[in-house]
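Listed below are the residues making up each chain.
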Amino acid sequence: MLSALGYGSVIAALLGAALMAGFGYRAGLSRNGNEFSATIARRAAYFCFFAMCAGMVTMEIALLTRDFSVDYVSRVGSIETPNYYTAISLWSSLDGSILFWGWILAGYAALFAFTRRREISAHVSAGANVESPRGGLVPGLKTTPLVIAVIGTTGLFFFGMLAGPANPFGLVSPAPLNGPGPNPLLQNHPLMGLHPPMLYFGFVGMVVPFAFAIAGLLQGNVEARWLRDSRRWMVGAWAFLTMGIIGGGWWSYEVLGWGGAWAWDPVENASFLPWLTATAFLHSAMVQERRGMLKTWNLSLMIGTYLLTLFGTFLTRSGVIDSVHAFTEGVIGPLFLGFIAFITLGSLALIGWRSNRLHAPGQIESAVSRESAFILNNLLFVGFTFTVLLGTMFPLVIEALQNEKISVGAPYFDMVASPIGLALLFLMGVGPALPWRHASMDQIKRSFKWPVLMGVAAAAAVMAFGMRQFLPILTVSFAAFAMTTIVEEFAKGIDARRRIADRSFFGALSDLFVRNGQRYGGYVVHVGVIVVALAISVSWTWKSEREATLRVGERVAVEDYEVEFVEVWGRQEAQRFVIGATFNTYRDGRFLGEEQPRLNIYNNSEAPIATPAVRSSLTSDLYLTLITFDSENQEHATVRAIVNPGIIWLWIGGMIMGLGALVAIWPRGKSRLRAASEEMISDVATPQPKPAFEPILEPAFVTDEADVT
Amino acid sequence: MKICSRALAVSIALIGIATLDLDSARAQGAEDPNQAQPSQQEMPGPAAAELDAMVAEIGATLRCPVCRQQSVAESSARISREMQGIIRSMLIDGKTPEEIEAYFVESYGPWILLRPKAEGANLFVYLGPLGAFLLGGLLLAVRLRKTGREIAAAEATPERNPDTAANRDSAADHVGEEDRDWLDAALRGS
């Protein structure tokens, strides 16, 4: 029964996507497009979302009631798995995660449609024409149905997969009595419920900016409102992606037991690649906003980011990354590749067709200006993307060409990433301090006096404390440099607000966030990046590790910590057997508490999953992994004790980044009027691409802000 | 992320099956990689710490053969621990890191190296990023120089004068700057 219900929901969603695409393109492209088709496209998005919600709920019910007649449940469910891990096993296997992906996709479509729900009525009540005399909607109203149509088109692919080759709702008859349970690694830590959804929200969210890009190309027009809205969707997806990546690192640190958070594993790289291009876009979009330049480049970044999310998913889900020969297995891989090829070629054709319309009127006036800092930033981010992509793909290329297996691992990526990361950190201190267009020598001296002084002072200070390694010194110095720039930016802004509006210090500070959240939220993100950079540098440089075999009562010392072996124990749980060792931990001779690193042996796998015990503090973490123990007499155990200084700041920095992004996209009532008047002025002042188009008078209150608040 | 299942399975088939006799584990040298290696406990002192660091350094560049992108130094799989033992005893025998690396490449193929040797086709993975950055930088520089010349030619036109535009930004009212800018942009029609 659940099987039929679920499959019916997927088919309904497929129908919804077809309506989104059909009526959306009709409203956006055809001369017959009218208010009716735009409305149907929007409602189809709601319908699609409700259908996918039904599908999701059905799957969750099937999972939680252990209905093994449903194919997916029979493959990832088991009676013994606790309910929490059963609920999240939705994304523990391929077709379940495509279902989850599809649900989020429909959710984004519906949310987008919802924010634009009053667009047409506001247009009418403002007295503007909805339909152009030459047929079709007026240009200002075409973006919404086109964006919905593009999302619907991608929906056709994903829902089509769910209806066909990746159907999770298949009927298993006769139903097995029990299933194997999810992959042991995915049911070993509660954090598994956190970062995969974050990553999915980030990955799938990139479809909205992509749809904006295609809508802009189809119309041959990317103006102020288009840019502002598409960027806000990008910031939202970017924030999820950032939290997902950092959360994934945290999961990996808490679960995998090797004492680090980032290993340049292909799966990690796949999440990092779209993050890099999205970050590049968030910066270069400002050049377009201020100077009207880089339109085609920005479109390419939006499309490229979406392609990288698809490519990353393909790479990590199809098994290709382990060997090119895995490519032949299954039909989903080739389908995915076909979809990627379709998107790539279609986008390239559109860009080629429209690029002359998007030619930028502006120019870079000086190499020392904020816009050239942004362009340099883009060079670094895109170069970084290329490097990571090359390193990730290289073993496959070599295997395909020379039939030889090689590895490209962490030592390679660390080597190439450090200089790029450092250059970006440095640039982060330069960009915000440079004026647009052109900087005079005088301005440069004024802007950089304090940042340079602080950078040098920081380097001198850490060297005085005995630091000798080159890279960490440079990191600390650049971090201080960039941080001072940010502090100066805030100081200038607060100072101005206090004088103009006669505000208190905190009043002025909150004014900055309220009035210009995009900019000051961005600076908060920068603070997060600085914290992350320092955490990476410190934890990698001063990580220290000891491995020791201890008899009961014996101690081993690592840095200022001591670990004392107490006992080994075992415990049978429903879904696993747990072997643990208890250690007393001390810091500077003071008793901290007991820690119990464990080995979990799940019923569906003979491989034990080592679960480290982590004792965190703001200064350093003590990280214990049980390696082996005396299984006969329980007299001794081998433990690996790692002291990771400052690694907690990696997660804190990630949260600061997410917080900054939230500030940047937070809907603000006050900016509504300004945004609306900006719209009218720029629309009136902007020459339309073809005289046949009517001048658009955008209705004043149809921005996202207006609807959400 | 790292999955090291089979290795751990072997290393801890300890649920009554295998017995781990730590005391009898002795260095057997590179000739016999199947024997467990001594733990550091048996060699205390500062020399041992230095040796540990070298083992870790070399281990970090070698791939754990049964893991997914995990290095020998990080992995707690049995085979990685054996490889650490081999590295240790080879170091004690006075072998250089290069010789140790060569030994593992001979046994496992170039796949064992996490940082591929910079030779042959592998050069591309090292030179590719360098080339990309140089090319990008070059294109950018050419572009900037070209527009720089155009600007110099257009300097006479008042609204193109960069100084007035630049000075605007440094004007005292920092918050009002945004508002002025969009107006400017709108009037310029960009």
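Here the structure is a predicted model, which is why all the values come from computation and not from measurement. (Residues numbered from 1 in each chain as written. Chains lettered and ligands numbered in written order. Predicted model: local features only at pLDDT ≥ 70, side-chain atom pairs only at ≥ 80, totals over all residues. Heavy atoms only, no water.)

### Focus: the confidence of the model for chain A
Residue and element names in this part refer to chain A.
Link 1 in the chain: For chain A, mean pLDDT is 85; residues scoring 70 or higher make up 92% of the total.
Link 2 in the chain: Every residue in residues 670–674 scores below 50 in pLDDT, and together they form 9 contacts with partners more than four places removed in sequence or on other chains.
Link 3 in the chain: Low pLDDT, under 50, characterises residues 680–709; the stretch is placed with 68 contacts to residues that sit more than four places away or in other chains. (pLDDT = per-residue confidence, 0-100. Contact = heavy atoms within 4.5 Å.)

### Focus: the packing of helix α10 (residues 224–255) of chain A against helix α12 (residues 295–317) of chain A
All names here are of chain A.
Link 1 in the chain: Two numbers describe how α10 lies on α12: the axes approach to 13 Å, and their chain directions differ by 30 degrees. One element, α10, and the other, α12, form an angle in the roughly parallel class. Note that α10 runs across α12; the crossing there is left-handed. Here α10 contributes Trp226, Ser230 and Met234 to the contact with α12, which in turn contributes Leu299, Met302 and Thr305. (Axes fitted to C-alpha atoms, helices over the stretch in contact; angles between N-to-C directions. Helix = DSSP H or I, 4+ residues; strand = E, 2+ residues; numbered from the N terminus. Parallel < 35°, antiparallel > 145°, perpendicular 65-115°, else oblique. Left-handed = near helix turned anticlockwise from the far one by under 90°.)

### Remarks on the pattern of salt bridges
Residue and element names in this part refer to chain A.
Link 1 in the chain: Overall, the coordinates contain 25 salt bridges over all chains when judged by the stated rule.
Link 2 in the chain: Between Asp95 and Arg75 there is a salt bridge, with the nearest N and O atoms lying 2.6 Å from each other. Here Asp95, found in helix α5 (residues 94–115), pairs with Arg75, found in helix α3 (residues 71–76); they are 20 residues apart in sequence, far enough to count as distant.
Link 3 in the chain: For the salt bridge of Arg587 with Asp560, the shortest nitrogen-to-oxygen distance reads 3.1 Å. Within this pair, whereas Arg587 is found in strand β4 (residues 576–587), its partner Asp560 is found in the loop between β2 (555–558) and β3 (561–572), the two being separated by 27 residues in sequence.
Link 4 in the chain: Judged by relative accessible area, Arg587 falls into the buried class, the value being 16%. (Salt bridge = Lys/Arg side-chain N within 4 Å of Asp/Glu carboxyl O. Buried < 20%, exposed > 50% of the residue type's maximum accessible area, 1.4 Å probe, protein only.)

### Comments concerning the packing of helix α18 (residues 505–515) of chain A against helix α19 (residues 517–541) of chain A
Residue and element names in this part refer to chain A.
Link 1 in the chain: Look at α18 against α19: their axes get within 5 Å of each other, and the N-to-C directions meet at 110 degrees. Comparing the axis directions of α18 and α19 gives the class roughly perpendicular. Residue-level contacts link Leu512, Phe513, Val514 and Arg515 of α18 to Gly517, Tyr520, Gly521 and Val524 of α19.
Link 2 in the chain: Residue classes in the contact of α18 with α19 are distributed as 5 nonpolar, 2 polar and 1 charged. (Nonpolar A, V, L, I, M, F, W, Y, C, P; charged D, E, K, R; others polar.)

### A short note on helix α7 (residues 143–163) of chain A
Helical periodicity: at 3.6 residues per turn, an α-helix aligns residues three or four positions apart in one direction.
Link 1 in the chain: With 21 residues, α7 of chain A extends 29 Å between its outermost C-alpha atoms, agreeing within 8% with the 30 Å of an ideal straight helix rising 1.5 Å per residue.
Link 2 in the chain: Most of α7 of chain A is tucked away, with 18 of its 21 residues classed as buried. (Expected span 1.5 Å × (residues − 1).)

### A word on the environment of Tyr586 of chain A
Residue and element names in this part refer to chain A.
Link 1 in the chain: Position of Tyr586 relative to the elements: it lies in strand β4.
Link 2 in the chain: Remark: the alpha-carbon pair of Tyr586 and Tyr561, spanning 25 residues in sequence, is separated by 5.5 Å.
Link 3 in the chain: Each residue touching Tyr586, except ones within four places of it in the same chain, is listed here: Arg555, Asp560, Tyr561, Glu562, Glu564, Phe591 and Leu592.

### Details of the confidence of the model for chain B
All names here are of chain B.
Link 1 in the chain: Residues of chain B with pLDDT of at least 70 account for 52%, and the chain-wide mean is 66.
Link 2 in the chain: When pLDDT is averaged over each element of chain B, helix α4 (residues 97–108) comes out on top at 90 and helix α1 (residues 5–11) at the bottom at 38.
Link 3 in the chain: Below pLDDT 50 for its whole length, residues 1–45 participates in 94 contacts with residues either more than four positions away or in separate chains.
Link 4 in the chain: Taken together, the stretch residues 158–179 has pLDDT below 50 and engages in 46 contacts with residues farther than four places along the chain or on a different chain.

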